[in-house]
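# Working through the structure, step by step
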Amino acid sequence: MNTGVEELLRDGMERFTAEVRAPAGLARAAGRLHRRRVAVRAALVSSAATVSAVAVVIAMVVVADARASRAGSQMVADLTSQVRRAVANDNMVYVGQTSANDGPSTTWAYGRQSRWVEYWPAADYRDRVVNGQRRWDFPPQYRGQAYSAEGTALVGGKLMGAYVIYPDRKYTLSRQLPTQQSACTTTGALEMGGPAVVGVKWKSFIDEMLACGAASATPRVRVNGAETTKITGKPVTVALSAGYSKVIRAKWITVRWALYVNPATFLPVRIEASGTSYGGAAGTSVSSGVTDVRWLPPTTANIAKTLVTIPAGFQRVSLGEV
Amino acid sequence: MADDAAERELERFLAERADGLMRTAVLLTGSREAGQDLLQTALERIIRHWRRLDGDPEAYLRRTLYNLAADGFRRQGRLQRKMLLLRPVTQPPADPIAEVDLRDALVRLLLRLPPRQRAVLVLRYWEQLTEAETAAVLGWPEGTVKSTAARGLRRLRELADDWPDSGPSRFRQPELKAVQA
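Nothing here was measured: the structure is a model prediction, and the numbers come from that model. (Residues numbered from 1 in each chain as written. Chains lettered and ligands numbered in written order. Predicted model: local features only at pLDDT ≥ 70, side-chain atom pairs only at ≥ 80, totals over all residues. Heavy atoms only, no water.)

Turning our eyes to something else, we now look at the overall build of chain B. When helices and strands are tallied, chain B shows nine helices and one strand. Secondary structure elements in chain B, listed N-terminal to C-terminal, are α-α-α-α-β-α-α-α-α-α. Residues classed as buried in chain B amount to 50% of the 181 residues present. Counting contacts in chain B only where the partners sit at least 6 residues apart, residues at least 24 apart contribute 64% of the total. (Helix = DSSP H or I, 4+ residues; strand = E, 2+ residues; numbered from the N terminus. Buried < 20%, exposed > 50% of the residue type's maximum accessible area, 1.4 Å probe, protein only. Contact = heavy atoms within 4.5 Å.)

Glancing now at the overall build of chain A. Helix and strand content of chain A: eight helices and 15 strands. Residue burial in chain A is summarised as follows: out of 322 residues, 43% are buried. As displayed, chain A has an accessible area near 16,400 Å², and 52% of this comes from carbon and sulfur atoms. (Areas by Shrake-Rupley, 256 points an atom, 1.4 Å probe, with all protein chains shown as cover.)

It is worth spelling out the packing of helix α3 (residues 57–70) of chain B against helix α6 (residues 115–125) of chain B at this point. All names here are of chain B. Contact pair α3 / α6: the axes reach a minimum separation of 7 Å and the direction vectors enclose 150 degrees. Between α3 and α6, the angle is such that the two are roughly antiparallel. Note on element contacts: α6 touches α3 through Pro-115, Arg-116, Ala-119, Val-122 and Leu-123, opposite Tyr-66, Ala-69 and Ala-70. Looking at the contact of α3 with α6 residue by residue, the classes come out as seven nonpolar, no polar and one charged. (Axes fitted to C-alpha atoms, helices over the stretch in contact; angles between N-to-C directions. Parallel < 35°, antiparallel > 145°, perpendicular 65-115°, else oblique. Nonpolar A, V, L, I, M, F, W, Y, C, P; charged D, E, K, R; others polar.)

Looking now at the pattern of salt bridges. Should the charged atoms of two oppositely charged side chains come close, the side chains can pair. Residue and element names in this part refer to chain B. Evaluation of the coordinates by the stated rule reveals five salt bridges over all chains. Note that Glu-58 and Arg-17 form a salt bridge whose closest N and O atoms lie 2.8 Å from each other. Of the two residues, Glu-58 is situated in helix α3 and Arg-17 in helix α1 (residues 2–29); the sequence distance between them amounts to 41 residues. Arg-62 is paired through a salt bridge with Glu-58; the nearest N and O atoms lie 3.1 Å apart. Linking Arg-62 with Glu-58, this pair stays in helix α3, spanning four residues, or about one helical turn. (Salt bridge = Lys/Arg side-chain N within 4 Å of Asp/Glu carboxyl O.)

Quick look at α3(B) now. Residues and elements named next belong to chain B. Over its 14 residues, α3 runs 20 Å from end to end, which matches the ideal 20 Å to within 8%, given 1.5 Å per residue. In terms of burial, α3 is largely enclosed, as ten of its 14 residues are buried. The complete set of buried residues in α3 reads Glu-58, Tyr-60, Leu-61, Arg-62, Thr-64, Leu-65, Tyr-66, Leu-68, Ala-69 and Ala-70. (Expected span 1.5 Å × (residues − 1).)

Residue and element names in this part refer to chain A. Positive phi is not limited to glycine here, since Arg-220 has a value of about 55 degrees. As for its placement among the helices and strands, Arg-220 is situated in strand β9 (residues 215–223). With relative accessibility at 62%, the residue Arg-220 sits in the exposed group. Residues other than glycine seldom take positive phi values, yet Phe-266 does so here, at roughly 70 degrees. For Phe-266, the location among the structural elements is in the loop between β12 (252–261) and β13 (268–278).

Our focus in this paragraph is helix α2 (residues 32–48) of chain B. In an α-helix, one turn spans 3.6 residues, which is why side chains three or four residues apart end up on the same side. In this model α2(B) runs 24 Å from its N-terminal to its C-terminal C-alpha over 17 residues, within 8% of the 24 Å that 1.5 Å per residue would give. For α2(B), the full list of buried residues reads B:Ala34, B:Gly35, B:Leu38, B:Leu39, B:Gln40, B:Thr41, B:Ala42, B:Leu43, B:Glu44, B:Ile46 and B:Ile47.

Time to look at the nonpolar core. The nonpolar side chains of a soluble globular protein tend to be buried with one another. In terms of nonpolar packing, the biggest core is built from 58 residues, with A:Met13, B:Leu10, B:Leu14, B:Leu43 and B:Tyr66 touching the most fellow members. The dominant element in this core, judged by the number of residues it contributes, is α1(B), at eleven residues. Ignoring sequence-local partners within four residues, the contact set of B:Leu43 consists of A:Leu26, A:Ala30, B:Leu10, B:Leu14 and B:Leu61. Core analysis: the second largest hydrophobic core is formed by 26 residues, A:Ala189, A:Ile231, A:Trp257 and A:Val261 among them. (Core = buried A, V, L, I, M, F, W, Y, C linked by side-chain atoms within 4.5 Å.)

Below, the discussion takes up the pairing of strand β6 (residues 146–155) of chain A. Residue and element names in this part refer to chain A. Along β6, seven of the ten residues are buried, which leaves the element largely enclosed by surrounding structure. Where strand β3 (residues 113–119) lies against β6, five bridges are found, and the strand directions are antiparallel. Residue pairing in the sheet places Tyr-119 in a bridge with Ala-146 of β6. Summarising the sheet, β6 and strand β7 (residues 158–165) pair through eight bridges and their orientation is antiparallel. In the strand pairing of β7, Ser-148 is matched with Ile-165. Between β6 and β7, which pair antiparallel one after the other, the connecting turn spans two residues, and Gly-156 there sits at a positive phi close to 60 degrees. (Pairing = 2+ DSSP bridges.)

Rendered as structure tokens:
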């Protein structure tokens with residue numbers, strides 16, 4: 001089967017991209033991105049402001065965009081006010097405690113900073129087979145201890161993407177920081193199905209999802225005695241890649257999620273997510289998790305917990321090696 | 001205002017070339033969303049340098065796309081990398097198993113290769129450039145292109161070797177039985 005792989009690959013690439021079309025307005029969007037970058041740079045240079053640096057940057061972006069589109073001063077004022085309200089709402093430290101059937105994890109997030117820690121599961125996972133090997137056959141002494149931390153770290157005063165694996169004593173760094181996905185894309189919905197939902201401006205994210213039909217809202221749902229609004233995402237089904245589907249012996253996965261938000265602030269108090277895989281020899285299996293969310297004041301101590309710390313003596317490796 | 005002029009000229013250029021560039025970007029990143037982000041980042045760079053641009057904008061844009069991709073544009077965390085294993089679809093087909101064949105498997109494996117290998121293979125077998133042309137786009141020595149392509153192809157051939165010689169139908173048979181059972 002060695003001959004013709006190149007041809008099959010070319011053929012596969014043709015098929016993979018056959019229906020891909022460029023969206024309209026790419027040049028305009030790139031122009032907006034360019035002006036935004038210029039505005040952000042200008043804001044960072046002249047940082048003599050009375051409000052927080054984040055608010056300045058965002059407000060400058062709004063002003064720059066509005067100038068570019070010749071919008072009136074009223075629109076600028078409205079947008080700035082909206083942005084400032086959103087910043088005020090999100091200016092808290094997110095702490096998510098996730099209980100899932102493939103292990104517990106904790107997420108700390110604040111602005112662009114985040115730290116997602118996965119722990120060795122307390123339960124016995126000896127039956128779980130990945131790539132023909134028992135993946136979760138943990139030594140009992142490790143159970144309940146941190147297995148990995150993923151998120152952002154301050155390196156030489158600069159925020160970078162970081163991933164640490166504690167038992168291997170290895171870490172990797174990347175210039176790429178976690179970004180918020182669009183609420184209306186499949187990728188966005190899939191991310192909601194994961195345990196670590198970070199870097200989200202919740203109010204605008206939820207508004208966007210409701211507007212595009214990616215989610216629906218149910219008022220007055222009680223969680224731990226408190227009234228919440230339940231935001232239920234539209235289930236998303238994706239085909240598993242050939243390799244992955246062979247491993248878990250399923251062809252499809254359907255991701256479902258629901259947020260329970262404080263109706264006054266739009267900040268989540270609970271996130272439920274599940275993935276149901278099916279269509280293969282393994283039959284139907286469900287992995288699910290519940291994240292209980294607390295919002296803490298942005299004190300120095302709390303903000304410090306939203307950063308991954310690289311332990312001394314750990315070896316830095318490339319992303320492909322972890 | 002110079003940026004506005006650049007934007008207008010870019011719009012005219014994209015009217016003809018955008019679909020092809022978008023396909024390349026999707027192949028380099030593995031999804032439409034990430035492909036769009038990559039293309040927009042490259043376009044933003046071209047706007048930044050429009051006035052100083054001397055020569056073919058498409059060549060510059062392609063070089064930027066491939067170099068951003070090879071540098072690991074949108075390198076993602078473990079969870080997000082798991083998501084690359086998933087291929088978004090709007091509706092599952094009536095017989096999902098029938099959709100899986102070696103061509104799809106090769107492309108999905110391509111999307112899981114390290115960014116540098118992926119960029120080289122897309123240039124060689126999608127753009128059908130020679131090793132020398134690929135080296136020129138990426139600004140690498142020709143030998144590096146050769147070895148990187150060889151490593152990527154070896155991975156793909158390993159997958160192809162595991163695939164039954166008689167094609168995907170035999171591979172599917174046991175799974176079909178299992179599903180029917």
